[in-house]
Amino acid sequence: MTFLGETSSQTIVNSRLGFTFPNGSIIYSDSGIYFQSSTPVPIRVPNSCDLATLKTRIHITLNLTHEQFLKEIHYRQLVAETGNYFRFQCMQLKNDDDVNTMLMCNDQFLCVGPIELLCTISRTTNEILNLLQRTMTATHDTLLYYNGRWNMPRQNNFVGCAFTGKIQRNLKFLQDVSSMN
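Not measured: the values here are computed from a predicted model.

Peer 1: Hey, could you run me through the overall build of the protein in this one?
Peer 2: If you tally the helices and strands in the protein, you get five helices and nine strands. Order of helices (α) and strands (β) in the protein, N terminus to C terminus: α-β-β-β-β-α-β-β-α-β-α-β-β-α. Taking all 181 residues of the protein together, 31% fall into the buried category. The long-range share in the protein, meaning contacts at least 24 apart out of those at least 6 apart in sequence, stands at 56%. Element-wise, carbon and sulfur atoms account for 53% of the exposed surface of the protein, whose accessible area totals about 11,800 Å².

Peer 1: Could you clarify how one ought to interpret the side chain of Ser 15 in this entry?
Peer 2: Residue placement: Ser 15 occurs in strand β1 (residues 15-22). Side-chain polar atoms of Ser 15 contact the side chain of Arg 44, separated by 2.9 Å.

Peer 1: Help me out: how do you make sense of unusual backbone geometry in this one?
Peer 2: It is generally the case that most residues other than glycine have a negative phi and that most peptide bonds are trans. The backbone of Asn 23 sits at a positive phi, close to 50°, despite the residue not being glycine. Turning to its location among the elements, Asn 23 is positioned in the loop between β1 and β2 (25-29).

Peer 1: What's the story with helix α2 (residues 51-61) in this structure? I'm lost.
Peer 2: Along an α-helix, residues three or four positions apart point the same way, because every turn accommodates 3.6 residues. By the burial criterion, the buried members of α2 are Leu 51, Leu 54, Arg 57, Ile 58 and Thr 61. Down the axis of α2, the smallest arc covering the buried residues is 125°, so these residues share one side. Against β1, β4 (41-46), β5 (68-81), α3 (96-108) and β7 (115-123) lie the buried residues of α2. In the stretch just after α2, Asn 63 is the one whose phi turns positive, near 55°.

Peer 1: Is there a simple way to explain the confidence of the model for the protein in this structure?
Peer 2: Segments scoring low in pLDDT should not have their predicted coordinates read at a detailed level. Considering every residue of the protein, the mean pLDDT works out to 75; 66% of them sit at 70 or more. Low pLDDT (under 50) marks residues 163-168, which in the prediction has eleven contacts with non-local residues, meaning those over four places away or in another chain.

Peer 1: What exactly am I supposed to notice about a nonpolar patch on the surface here?
Peer 2: A surface patch of nonpolar side chains, amounting to about 260 Å² of accessible area, comprises Ile 128, Leu 129 and Leu 132. With respect to the element layout, Leu 129 can be found in helix α4 (residues 125-135). Judged by relative accessible area, which is 45%, Leu 129 ranks as partly exposed.

Peer 1: Hey, could you run me through α3 in this one?
Peer 2: With 13 residues, α3 extends 18 Å between its outermost C-alpha atoms, agreeing within 8% with the 18 Å of an ideal straight helix rising 1.5 Å per residue. Considering only its buried residues, α3 is in contact with β1, β4, α2, β5, β6 (85-92) and β7. Of the residues flanking the start of α3, the one acting as N-cap is Asn 95, its side-chain oxygen 3.1 Å from the backbone nitrogen of Asp 97.

Quick notes on the rules
- Residues numbered from 1 in each chain as written.
- Predicted model: local features only at pLDDT ≥ 70, side-chain atom pairs only at ≥ 80, totals over all residues.
- Heavy atoms only, no water.
- Helix = DSSP H or I, 4+ residues; strand = E, 2+ residues; numbered from the N terminus.
- Buried < 20%, exposed > 50% of the residue type's maximum accessible area, 1.4 Å probe, protein only.
- Contact = heavy atoms within 4.5 Å.
- Areas by Shrake-Rupley, 256 points an atom, 1.4 Å probe, with all protein chains shown as cover.
- Polar contact = N/O pair within 3.5 Å; in protein donor to acceptor, adjacent residues only side chain to side chain.
- Arc of directions from axis to C-beta.
- pLDDT = per-residue confidence, 0-100.
- Patch = residues over 30% accessible without salt bridge, like charges linked within 9 Å, V, L, I, M, F, W, Y side chains within 5 Å.
- Salt bridge = Lys/Arg side-chain N within 4 Å of Asp/Glu carboxyl O.
- Expected span 1.5 Å × (residues − 1).

Put into structure tokens, the structure is as follows:
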């Protein structure tokens, strides 16, 4: 994973190791918070970085489509407390100053480990509609009919409830209903 115009060794020198937790969750504990997701994804975060660059790197690393976008990015920030105690808190990255704070915290507590980012990924409205259209089958539009009568009043020849069962049986049922009308 290299940055545009750099060799892999230049990228390692000019960046920090991080992990993204796509669509994960924040878990609260006595020592603060930690992120949890099915599979953390490694990422290289440039040493000099703004929010737009970070979003682009995450977008490329997670292989997001043009129909997906990063809704929120949270950083797991280490905070020193009194009595030489440390705990983690969640910091949402909203602007370039927040990203700079993240990089400074990582410099200050370098021994803690990699940067951890929780990323909330969302889909555009068009992508959600396209996804629904791609996954719909003929059984989604079947009418609910049970034991010789309708279980719901008809609404302009469409009830809106899915009929569960075998697809072939549902299609036969639709043909029988169509022939009655």
